[in-house]
Amino acid sequence: MKAYEVIREERINTLLEEGKKIDRKKRLEIIEKARDCYGLTLEEAAALLQIEDQEELEALFEAAREIKEHIYGSRIVVFAPLYTSNECTNNCLYCGFRAANKSLHRRTLNTKEILKEAKAIESQGHKRILLVCGEDGAKTHIDHITEAVKTIYQGADIRRINVNAAPMEVEDFKKLKAVGIGTYQIFQETYHRETYQKMHPSGSKSDYDYRLTAIERAFEAGVDDFGIGVLLGLYDYKFDVLATLMHSQYMDDKYHVGPHTISIPRLRPALDSAIKETPYPVADWELKKIVAVYRLTLPYTGIILSTREEAALRDELLSLGVSQISAGSKTNPGGYEEKDQEGEQFETSDERSLDEMLQVICEQGHLPSFCTACYRAKRTGEAFMELAKDAHIHEFCQPNAIMTFKENLEDYASEETRRKGEVMIANELEKITDEKLKKITIERLKRIEEGERDLY
Ligand code: SAM
Ligand code: SF4
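Parameters and conventions
- Residues numbered from 1 in each chain as written.
- Chains lettered and ligands numbered in written order.
- Predicted model: local features only at pLDDT ≥ 70, side-chain atom pairs only at ≥ 80, totals over all residues.
- Heavy atoms only, no water.
- Helix = DSSP H or I, 4+ residues; strand = E, 2+ residues; numbered from the N terminus.
- Rg over C-alpha atoms; globule rule 2.2 N^0.38 Å.
- Buried < 20%, exposed > 50% of the residue type's maximum accessible area, 1.4 Å probe, protein only.
- Contact = heavy atoms within 4.5 Å.
- Near = heavy atom within 4 Å.
- Nonpolar A, V, L, I, M, F, W, Y, C, P; charged D, E, K, R; others polar.
- Core = buried A, V, L, I, M, F, W, Y, C linked by side-chain atoms within 4.5 Å.
- Phe/Tyr/Trp six-rings, centres within 6.5 Å; stacked < 30°, edge-to-face > 60°.
- Lys NZ or Arg CZ within 6 Å of the ring centre and 35° of its normal.
- Polar contact = N/O pair within 3.5 Å; in protein donor to acceptor, adjacent residues only side chain to side chain.
- Areas by Shrake-Rupley, 256 points an atom, 1.4 Å probe, with all protein chains shown as cover.
- Pairing = 2+ DSSP bridges.
- Right-handed = clockwise from strand over helix to strand, strands pointing away.
- Salt bridge = Lys/Arg side-chain N within 4 Å of Asp/Glu carboxyl O.
- Disulfide = S-S within 2.5 Å.
- Axes fitted to C-alpha atoms, helices over the stretch in contact; angles between N-to-C directions.
- Left-handed = near helix turned anticlockwise from the far one by under 90°.

**Q** Looking at this structure, how should I read the overall build of the protein?
**A** When helices and strands are counted, the protein shows 20 helices and 9 strands. Over its C-alpha trace the protein gives a radius of gyration of 21 Å, about what one expects of a compact globule, namely 23 Å for 456 residues. The C-alpha extent of the protein, read off along each of the three principal axes, is 60 × 55 × 40 Å. Expressed as a percentage of the 456 residues in the protein, the buried residues total 61%. Contacts spanning at least 24 positions in sequence make up 76% of the contacts within the protein whose residues lie at least 6 apart.

Right under this line is the structure:
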């Protein structure tokens, strides 16, 4: 059975219709049930997606906050994207990189330039990169991507590279696996076929089924860590969020591994975009609801927020269930070294630097984490899911988050960030209940102060 045989439109629509029939009392019961952190069924998620009443929304948000705290503690993982190329043979109507856009300054970085960008990202204090590129068989083929990954791992102190790239064949996924990527990320954009066809009129991306089955080919190649999402604004978010959850359930049933992450990109203005108005705008309160429904339904799945969103909303979403954020991002190849707005994929909204973001994260009571230990300790795929579902991942993550943040404070942070960060670290140490683990962490913090790095 393939994903397109399970993720069917009539099934999604039926679930949504059934969800509308659920009354307020039952919806509140579902929210209450979710507090156990065992997740929700698709039927239950469909009911929660219908919530509009302020009181019910508050109950939903409260539960999301609680679950996030239980599974992830106060940790927020931080990363930066690195765009290696904006050349693309597809024509996604909403994207600045689309082939028909003649105004864009096209550029594919060579390995030397890629390393320069990675080092610029590293110099901000990042340890995780999300590699991104357009799809161009002659320029951004698998060797371009694998060379980029190898070059960065060898030349910069970047410890985890995730990749967001076009779907590929099993053989190419094997090459991606061989160079040691973290998560393979691919967004279906919309699960609504008719809208998908309209938005992707030409190029290989117009093949809906090929894109939908990419993760299955990745699994065949041994890439068992994947991230999914939809581009919010292309179609009715209730349909697309439920379809994303259906996709997740399908993968979990088939491979016993759900998505490591779900991203929540909202459509942004792009240079020379072919759609002038967002077809299905998603309001801020709806975005908050989406985050909360994902958090309740898939408590163990990371939720990623990018700089597409404005600072104030980003700050709010952190408390609601987002577990990873990008900071200090550029969306044009070479963007960390030079400014070129005519090379950007879309406009970012949050222009704060990583250092500024770290302060905000601390001020809101969250602990920034630069941890990359799981994937290097081979806690991926099924092994990761087992730990995450039992909330045992906490035992690894809390000390690792503290130690990697400490490294950042020692090596990169401003005085102000360091001051706020040290207070946060002292508070977070107290949350480690296992005395032996706490003692080890305190010892390691001392070793970091003395110059040792990468302890996990
Ligand atoms: N080219 C590959 C692809 O399309 O899968 C990977 C890179 S693409 C640059 C990464 C993602 O950017 C897309 O999957 C899409 O969701 C998102 N994107 C494209 N245009 C956007 C826009 N105007 N606003 C927000 N996100 C956008
Ligand atoms: Fe190319 Fe990806 Fe942009 Fe589509 S979304 S035009 S495939 S870079």
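**Q** Help me understand the site of ligand 2 in this model?
**A** Taken together, the neighbourhood of ligand 2 is formed by Cys88, Asn90, Cys92, Cys95, Phe97, Arg98, Gly134 and Lys205. Here the shell around ligand 2 is composed, by residue class, of 4 nonpolar, 2 polar and 2 charged.

**Q** In this structure, what is going on with helix 15 (residues 354–363)? I would like to understand it.
**A** In an α-helix, one turn spans 3.6 residues; hence positions three or four apart end up facing the same way. For helix 15, a buried count of 7 out of 10 residues is recorded, marking the element as mostly surrounded by other parts of the structure. Listed as buried for helix 15 are Leu354, Met357, Leu358, Gln359, Val360, Ile361 and Cys362.

**Q** For this particular structure, what's the right way to read unusual backbone geometry?
**A** Phi is positive for Cys37, close to 65°, though the residue is something other than glycine. With respect to the secondary-structure elements, Cys37 resides in the loop between helix 3 (24–34) and helix 4 (42–48). For Asp454, which is not glycine, the phi torsion reads 60° and is therefore positive.

**Q** Help me out: how do you make sense of the nonpolar core in this one?
**A** General note: in soluble globular proteins, nonpolar side chains tend to be found buried as a group. Ranked by size, the top nonpolar core spans 123 residues in total, and within it Leu60, Leu131, Ile152, Tyr184, Leu242, Ile264 and Leu296 carry the most contacts. Counting residues per element, this core draws most heavily on helix 12 (residues 237–255), at 9 residues. In this structure Leu242 touches Ile12, Leu15, Leu16, Leu42, Ala45, Ala46 and Leu49, once residues within four positions along its chain are discounted. Judged by nonpolar contacts, the second largest core, of 18 residues, contains Tyr83, Cys88, Leu267 and Ile275.

**Q** Which parts of the structure should I look at to understand the packing of aromatic side chains?
**A** The relation between two aromatic rings is expressed through the spacing of the ring centres and the mutual angle of the planes. Within this structure, the stated rule accounts for 7 aromatic pairs. Ring geometry for Tyr83 versus Phe97: centroids 5.9 Å apart, planes at 85°, classification edge-to-face. On the criterion of sequence distance, the pair formed by Tyr83 in strand 1 (residues 75–85) and Phe97 in the loop between strand 1 and helix 6 (111–124) is long-range, its members being 14 residues apart. Taken as a pair, Tyr83 and Phe97 share a single burial class, namely buried. Each residue in the set Phe219, Phe226 and Tyr255 is aromatic and connected to the rest through ring pairs, giving one cluster. Here the guanidinium or amino end of Arg217 rests over the ring plane of Tyr210, the centre of that ring lying 3.8 Å away.

**Q** Please clarify how the site of ligand 1 should be interpreted in this entry.
**A** Close contacts around ligand 1 come from 19 residues, with Glu189, Lys205, Arg211, Arg268 and Gln345 the closest. One of the backbone nitrogen or oxygen atoms of Cys133 is found 3.1 Å away from a nitrogen atom of ligand 1. Contact with the protein chains hides 96% of the accessible area of ligand 1, taken as 560 Å² for the molecule alone. In the shell around ligand 1, the residues fall into 10 nonpolar, 3 polar and 6 charged.

**Q** Looking at this model, I keep getting lost on the side chain of Asp136. Mind explaining?
**A** Assignment of secondary structure puts Asp136 in the loop between strand 2 (128–133) and helix 7 (142–155). Discounting residues that sit within four places of it in the chain, Asp136 has contacts with Glu87, Cys88, Thr89 and His141.

**Q** Explain the pairing of strand 2 here, please?
**A** Strand residues, when the strand is regular, have side chains that alternate between the two faces of the sheet. The buried fraction of strand 2 is high, at 6 of 6 residues. The alternating pattern of strand 2 places Arg128, Leu130 and Val132 on one face and Ile129, Leu131 and Cys133 on the opposite face, and all of these are buried. Taken together, the 5 bridges between strand 1 and strand 2 define a ladder with parallel strand orientation. Looking at the pairing, Ser85 lines up with Cys133 of strand 2. After leaving strand 1, the chain enters helix 6 and then returns to the sheet as strand 2, a path that is right-handed. As paired strands, strand 2 and strand 3 (residues 160–164) are joined by 5 bridges and run parallel to one another. Across the sheet, the residue bridging to Ile129 is Ile161, located in strand 3. Viewed along the sheet, the connection from strand 2 through helix 7 into strand 3 turns out right-handed.

**Q** Which parts of the structure should I look at to understand the pattern of salt bridges?
**A** Between side chains of opposite charge, a pair can form when the charged atoms approach closely. On inspection of all chains with the given rule, the structure shows 39 salt bridges. The salt bridge involving Asp143 is made with Lys175; its shortest N-O contact spans 4.0 Å. Pair noted here: Asp143 is in helix 7 and Lys175 is in helix 8 (residues 170–178), with a separation of 32 residues, a long-range link. Residue Asp143 is classed as partly exposed on the basis of its relative accessible area of 41%. A salt bridge links Lys406 to Glu422; the nearest nitrogen and oxygen atoms lie 2.9 Å apart. Of this pair, Lys406 sits in helix 18 (residues 393–411) while Glu422 is found in helix 19 (residues 415–429), placing the two residues 16 residues apart along the sequence. According to the relative accessible area criterion, Glu422 is partly exposed, its value standing at 30%. Members of the salt-bridge network, linked through shared partners, are Arg24, Arg27, Asp53, Glu55 and Glu56.

**Q** What's the story with the state of the cysteines in this structure? I'm lost.
**A** What is meant by a disulfide is a covalent connection between two cysteines, made through their sulfur atoms. Evaluation of the coordinates by the stated rule reveals 0 disulfides. Here Cys133 stays free of any disulfide, with the sulfur of Cys88 as its closest cysteine sulfur at 8.8 Å.

**Q** What is the right way to look at the packing of helix 15 against helix 19 in this model?
**A** The description of two helices packed together rests on the angle between their axes and the distance between the axes. Running from N to C, helix 15 and helix 19 point in directions that differ by 35°, and their axes come no closer than 9 Å. The handedness of the crossing between helix 15 and helix 19 comes out as left-handed. Here Asp355, Leu358, Gln359, Cys362 and Glu363 of helix 15 lie close against helix 19, whose contacting residues are Glu416, Thr417, Lys420, Gly421 and Met424. A class-by-class count of the residues in the contact of helix 15 with helix 19 yields 3 nonpolar, 3 polar and 4 charged.

Interpretation in functional terms is not warranted from these geometric data alone.
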